[in-house]
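Structural overview
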Amino acid sequence: MAAQIIDGRAIAADLRRELGPRVAALAARGIRPCLAVVLVGDDPASRVYVRNKVRACAATGVDSRDTVLPAQIGEHELLSTIAGLNRDPTVHGVLVQLPLPPHLDAGHVIESISPGKDVDGFHPSNMGALLAGRPGFVPCTPAGIMVMLERSGVALAGKRAVVIGRSNIVGKPMALLLLQRDATVTICHSKTRDLPALTREADILVAAIGRPRAVGAAMVKPGACVIDVGINRLDDGSLAGDVDTAAVKDVAGWITPVPGGVGPMTVAMLIASCVRAAELAAASEASD
Ligand code: NDP
């Protein structure tokens, strides 16, 4: 039987609708959530991501402010731009679009964002909070995947989960979130031996590799839930995920499409984090 497709666009639209009353409650107090996006250089893919984020903000009643800086900008100048956004009380979320040009240290830049405005959840304070199971901002891609799993009725407690990829923005936080929900989690990477033997044990398989169609049907346990995080641009200009969807959909129980799966959820979770940042800022102002 063909896998059930988990429609990220539809779930993301539900999430944005559900934010409506929260945005309206803030508006009643004279607050409009605002996301500041900083883009360094003119990488075409980054421009597309920033445009999508700005559009999604507008559709949800969230303001956005984008700052485009030249690719040659020095670290000092970039950090002072971020410091200005940190100080600005009308800005609730600050996001620096990655990757940065190689002369800039992404770690320094991320650490300069105020943790309370770090809606991407990449600041070490927020990463530490996730590790310790404390409240904080969670990276949007894995957070969105957890919502997709929940709303699709995929059971996690006691299940075997395999995450391929160990990046700070996807693989590692994904594994921690699955662990929090009582899955038994294995993290795989480029040095993992006999990857297919591990992935075939997975009830939930998350592919965050960055290699088109790297996960084939022989790597998937029948009935598994397969989450495809990959966004790979092929030579003909089309997009492919990290999963060979055409083959895997005949084996898996659930699968996320590319495009229209994890991508829209990432953007929806970003907006949700920005609304939350505005709510937290308003609550802390009220208690001062
Ligand atoms: P990274 O390049 O930071 O990480 C890729 C991971 O895959 C690494 O841990 C790497 O291992 C592992 N890997 C590479 N080759 C293999 C292999 N042959 N076998 C097993 N593991 C392998 O990528 P990201 O985590 O940032 O992104 C992953 C993919 O997800 C990309 O396609 C990206 O575009 C996409 N993405 C999509 C998002 C969305 O919203 N849908 C958001 C963010 C990313 P090692 O650590 O050993 O090098």
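In short, a report on the structure. (Residues numbered from 1 in each chain as written. Predicted model: local features only at pLDDT ≥ 70, side-chain atom pairs only at ≥ 80, totals over all residues. Heavy atoms only, no water.)

A short note on the overall build of the protein chain
The helix and strand inventory of the protein chain stands at 10 helices and 11 strands. Relative to the 2.2 N^0.38 estimate, which gives 19 Å for 288 residues, the radius of gyration of the protein chain is 19 Å and therefore close to what a compact globule would have. Seen through its principal axes, the protein chain has C-alpha atoms that stretch 55 × 40 × 35 Å. Residues classed as buried in the protein chain amount to 45% of the 288 residues present. A separation of at least 24 residues holds for 70% of the contacts in the protein chain among residues at least 6 apart in sequence. (Helix = DSSP H or I, 4+ residues; strand = E, 2+ residues; numbered from the N terminus. Rg over C-alpha atoms; globule rule 2.2 N^0.38 Å. Buried < 20%, exposed > 50% of the residue type's maximum accessible area, 1.4 Å probe, protein only. Contact = heavy atoms within 4.5 Å.)

Overview of the site of the ligand
What surrounds the ligand is a group of 21 residues, the closest being Arg 166, Ser 167, Ser 190, Arg 211 and Thr 266. Between an oxygen atom of the ligand and a side-chain N or O atom of Ser 167, the distance comes to 2.5 Å. Take Arg 211: an N or O atom from its side chain is 2.9 Å from a nitrogen atom of the ligand. Coverage of the ligand by the protein amounts to 70% of the 930 Å² it exposes when considered alone. More than half of the atoms of the ligand fall within 2 Å of the grid points belonging to the largest pocket. Sort the elements by how many residues they give to the shell around the ligand and helix H10 (residues 262-287) lands first, with three residues. Taken together, the residues of the shell around the ligand break down into nine nonpolar, 10 polar and two charged. (Near = heavy atom within 4 Å. Polar contact = N/O pair within 3.5 Å; in protein donor to acceptor, adjacent residues only side chain to side chain. Areas by Shrake-Rupley, 256 points an atom, 1.4 Å probe, with all protein chains shown as cover. 1 Å grid on protein atoms, 1.4 Å probe; cavity = no way out; pocket = protein on both sides within 12 Å on 5 of 7 lines; lining within 4 Å. Sits in = over half its atoms within 2 Å of the grid points. Nonpolar A, V, L, I, M, F, W, Y, C, P; charged D, E, K, R; others polar.)

A word on the layout of surface pockets
The computed volume of the largest pocket comes to approximately 1,300 Å³. Lining the largest pocket are 47 residues, and of these Tyr 49, Thr 141, Ile 231, Gly 263 and Thr 266 sit closest to its centre. Contributions of two or more residues to the lining of the largest pocket are made by helix H1 (8-28), helix H2 (44-59), strand E4 (93-96), helix H6 (140-151), strand E9 (232-233) and H10. Looking at the lining of the largest pocket, the element that brings in the most residues is H2, giving eight residues. Looking at the lining of the largest pocket, its residues break down into 27 nonpolar, 12 polar and eight charged. Space inside the second largest pocket adds up to approximately 330 Å³. (Points joined across faces, edges and corners; volume = space filled by probe spheres on them.)

Thoughts on the sheet that holds strand E7 (residues 204-207)
Ordered in space as E1-E11-E8-E7-E5-E6, the six strands form an open sheet in which the pairing is parallel. Only two strands of the sheet have a single neighbouring strand rather than two, namely strand E1 (4-5) and strand E6 (184-188). Relative to strand E11 (residues 254-255), E1 runs parallel, the two sharing two bridges. Bridge assignment links Gln 4 to a residue of E11, and that residue is Trp 254. Docked against the sheet, helix H7 (residues 171-180) engages strand E5 (160-164), E6 and E7, running at close to 170 degrees with respect to E5. (Pairing = 2+ DSSP bridges. Axes fitted to C-alpha atoms, helices over the stretch in contact; angles between N-to-C directions.)

Here we look at H1
Between its first and last C-alpha atoms H1 spans 31 Å; for 21 residues at 1.5 Å apiece the expected length is 30 Å, and the two agree. Along its length, H1 reaches its greatest deviation from straightness, about 30 degrees, at Gly 20, and the proline Pro 21 lies no more than four positions downstream. The complete set of buried residues in H1 reads Gly 8, Ile 11, Ala 12, Leu 15, Leu 19, Val 23 and Leu 26. Where H1 begins, the side chain of Asp 7 points an oxygen toward the backbone nitrogen of Arg 9, at a separation of 3.1 Å. Gly 30 occupies a position one or two residues after H1 and carries a positive phi of about 80 degrees. (Expected span 1.5 Å × (residues − 1). Bend = angle between axes of the 7 residues up to and from the residue.)

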